[in-house]
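# A structural walkthrough
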Amino acid sequence: MAKLWGGRFSLESSSLLEEFNASIFFDKALWREDIEGSKAHAQMLGKIGVLTPTEVESIINGLDQIASCIQKGEFTFKASDEDIHMAIESALIERIGDVGKKLHTARSRNDQVALDFRLYVLRYNRKIRTSLLELMEILLGIASEHTQSIMPGMTHLQHAQPVNFGFHLIAWVCNFKRDIERLEDDYKRNNFCPLGSGALAGTPYNNDRIYLSQTLGFAAPTINAMDSVSDRDFALDMLYSLSMIMMHISRIAEELVLWNTQEFAFISLSDAYATGSSIMPQKKNPDVPELLRGKSGRVYGSLMGLLAVMKGLPLAYNKDTQEDKEGVFDALKNVSICLQIAKECLKSMTIRVDNMYKMAKRGHLSATDLADFLVRQCNVAFRDAHHITGQVVALAEERGVDISDLEEEEIMKVDSRIKAGVKAVLSLESSMNARDTLGGTSSKQTQAQIQVCKDFIQQAASRLCESENLSKGA
């Protein structure tokens with residue numbers, strides 16, 4: 001079959017070129033967007049008088065039939081069609097005849113693919129935000145139950161100060177809050193319609209690009225045709241945002257792996273989200289968080305790959321840009337499943353509060369509170385207080401106990417400036433709740449942080465619903 005673009009060629013494409021050049025076997029993922037864009041384009045051509053109402057109706061009916069055929073798995077994708085755009089156009093011509101040949105008037109595959117890919121990325125932007133909001137809600141639910149569950153807060157992976165488990169989870173939630181804000185910014189920055197730009201310089205058909213933009217649910221048309229067909233910033237924005245999400249998930253996964261060890265034993269993963277060993281029958285391996293951690297490198301690779309493709313391309317469109325999609329498709333697929341399985345893994349894990357508390361009793365986590373007591377209550381300069389506290393820690397080490405388990409009389413004998421009442425500030429509960437300033441780990445502050453995050457979820461969900469409705473209205 002002759003190519004739709006083959007008028008000036010005297011020889012048919014070699015089979016090797018067809019295989020090398022074709023993108024149909026991965027860009028078929030864009031079929032919904034391609035049909036949606038083609039329907040809008042047909043309606044616009046009817047609006048400006050290029051197509052008659054009957055021709056518009058025939059094209060739209062034909063496209064709907066093709067969509068139904070693809071959904072049922074009855075459509076054959078062929079390498080000879082090169083890409084999803086030519087595959088659908090060829091099928092349309094086969095179904096409705098010469099009228100189908102008019103559909104490509106006033107557009108190019110350049111602005112067509114720019115539209116399809118952008119629509120696809122923007123739709124996934126909304127899907128990923130939805131998954132992040134669901135993950136935040138799960139974490140907030142767990143955090144709400146553990147605003148008084150004490151665990152060791154760490155720096156350098158060493159015991160530092162006591163915090164509550166809910167407070168630690170809110171730190172995770174804050175990561176995802178920023179991810180959603182980043183995706184919202186991406187959406188706003190890239191929600192512009194490239195269709196109607198033609199190959200690179202616009203068209204002579206007086207395309208109504210505002211109509212196209214409104215019909216397809218965009219904020220407005222893009223402003224420069226050359227930029228419109230060569231821009232892939234929207235895909236890079238998405239890959240960067242996905243990389244940030246995976247970095248956050250990977251850090252969380254690392255903590256889950258650590259917490260699931262016998263040495264920490266803060267959590268126990270559900271059997272449904274763990275695996276066994278082929279040789280050691282006692283093993284229960286944290287494969288889910290390990291895979292979550294590992295998938296981050298794959299997503300980073302997609303970002304770096306597309307940056308490398310784009311870095312040396314002159315304007316406007318170049319065939320190199322065909323390499324823009326597979327990495328994005330793969331990253332979106334993997335991040336989507338990572339978010340889904342992370343939700344299930346977190347919902348089903350067992351939290352071992354008793355072990356957290358036992359671990360918090362090691363490492364003298366309330367030592368800073370002793371130093372603060374000396375400064376506030378005993379009028380000791382902080383550097384002196386630091387030294388005195390070190391001596392008290394040494395005493396506790398000698399006794400083989402935590403600093404909070406020393407008797408008050410023992411502590412006061414270390415330095416004459418230590419006043420009565422010191423014992424009270426050294427309990428883990430007192431230490432945790434003493435940090436009652438904005439952002440602190442006290443139970444009261446943690447509850448306030450949970451409410452702030454719940455308010456954010458409600459507002460972000462409302463913004464998401466608004467953008468979904470605008471898209472569906474289109």
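These numbers were taken from a predicted model, which means no experiment stands behind them.

### Focus: the packing of aromatic side chains
- Tallying each qualifying case throughout the model produces 9 aromatic pairs.
- Arranged with centres 4.9 Å apart and planes meeting at 55°, the rings of phenylalanine 75 and phenylalanine 77 form a pair that is tilted.
- In this structure phenylalanine 75 comes out as buried when scored by relative accessible area, which is 14%.
- Aromatic side chains tyrosine 120 and tyrosine 124 sit 5.1 Å apart centroid to centroid with 45° between the ring planes, which places their arrangement in the tilted category. Residue tyrosine 120 and its partner tyrosine 124 are both found in helix 6 (residues 109–144); the two are separated by 4 residues, about one turn of the helix. Comparing tyrosine 120 with tyrosine 124 shows no difference in burial state: the two are buried.
- Members of the aromatic cluster, each reached through a chain of ring pairs, are Phe117, Tyr120, Tyr124, Phe234 and Phe329.
- One residue, arginine 129, lies across the ring of tyrosine 187, its end atom 5.1 Å from the ring centre.
- The side chain of lysine 325 reaches across the aromatic face of phenylalanine 117, ending 5.5 Å from its centre.

### Let's talk about the UniProt feature "domain: Argininosuccinate lyase C-terminal" (unreviewed entry) in the chain
- Here the UniProt feature "domain: Argininosuccinate lyase C-terminal" (unreviewed entry) sits at residues 365–433.
- Annotation note: span residues 365–433, helix share 68%, strand share 0%, distance between end C-alpha atoms 13 Å.

### Notes on unusual backbone geometry
- In this structure, alanine 316 follows leucine 315 across a cis peptide bond, with omega equal to 10°.
- Summarising the element assignment, alanine 316 is placed in the loop between helix 11 (287–310) and helix 12 (325–348).
- The backbone phi angle of histidine 156 is positive, close to 60°, even though this residue is not glycine.
- You can see histidine 156 is positioned in the loop between strand 1 (150–155) and strand 2 (158–164).
- Backbone geometry places leucine 157, a non-glycine residue, at a positive phi of 60°.
- If you trace the backbone, leucine 157 turns up in the loop between strand 1 and strand 2.
- Of the residues examined, leucine 157 reaches a relative accessible area of 54% and is grouped as exposed.

### What about the pattern of salt bridges?
- Applying the stated criterion across every chain, the model contains 27 salt bridges.
- One salt bridge connects glutamate 82 with arginine 109, and the closest N-O pair in it is separated by 3.0 Å. A residue pair is termed long-range when its members are at least 10 positions apart, and glutamate 82 in the loop between helix 4 (53–71) and helix 5 (84–96) and arginine 109 in helix 6 qualify at 27 residues.
- With a closest N to O distance of 2.8 Å, glutamate 181 and lysine 177 form a salt bridge. Within this pair, glutamate 181 and its partner lysine 177 are both found in helix 7 (residues 165–190), separated by 4 residues, close to a single helical turn.
- Using a relative accessible area of 28% as the deciding quantity, one classes glutamate 181 as partly exposed.
- Relative accessible area serves as the criterion here: at 23%, lysine 177 is assigned to the partly exposed category.
- A cluster of three or more residues bridged by salt bridges with shared partners is formed by Glu33, Glu36 and Arg123.

Cut-off values and rules
Residues numbered from 1 in each chain as written. Predicted model: local features only at pLDDT ≥ 70, side-chain atom pairs only at ≥ 80, totals over all residues. Heavy atoms only, no water. Phe/Tyr/Trp six-rings, centres within 6.5 Å; stacked < 30°, edge-to-face > 60°. Buried < 20%, exposed > 50% of the residue type's maximum accessible area, 1.4 Å probe, protein only. Helix = DSSP H or I, 4+ residues; strand = E, 2+ residues; numbered from the N terminus. Lys NZ or Arg CZ within 6 Å of the ring centre and 35° of its normal. UniProt positions renumbered as here; feature names shortened; annotations may be inferred. Salt bridge = Lys/Arg side-chain N within 4 Å of Asp/Glu carboxyl O.

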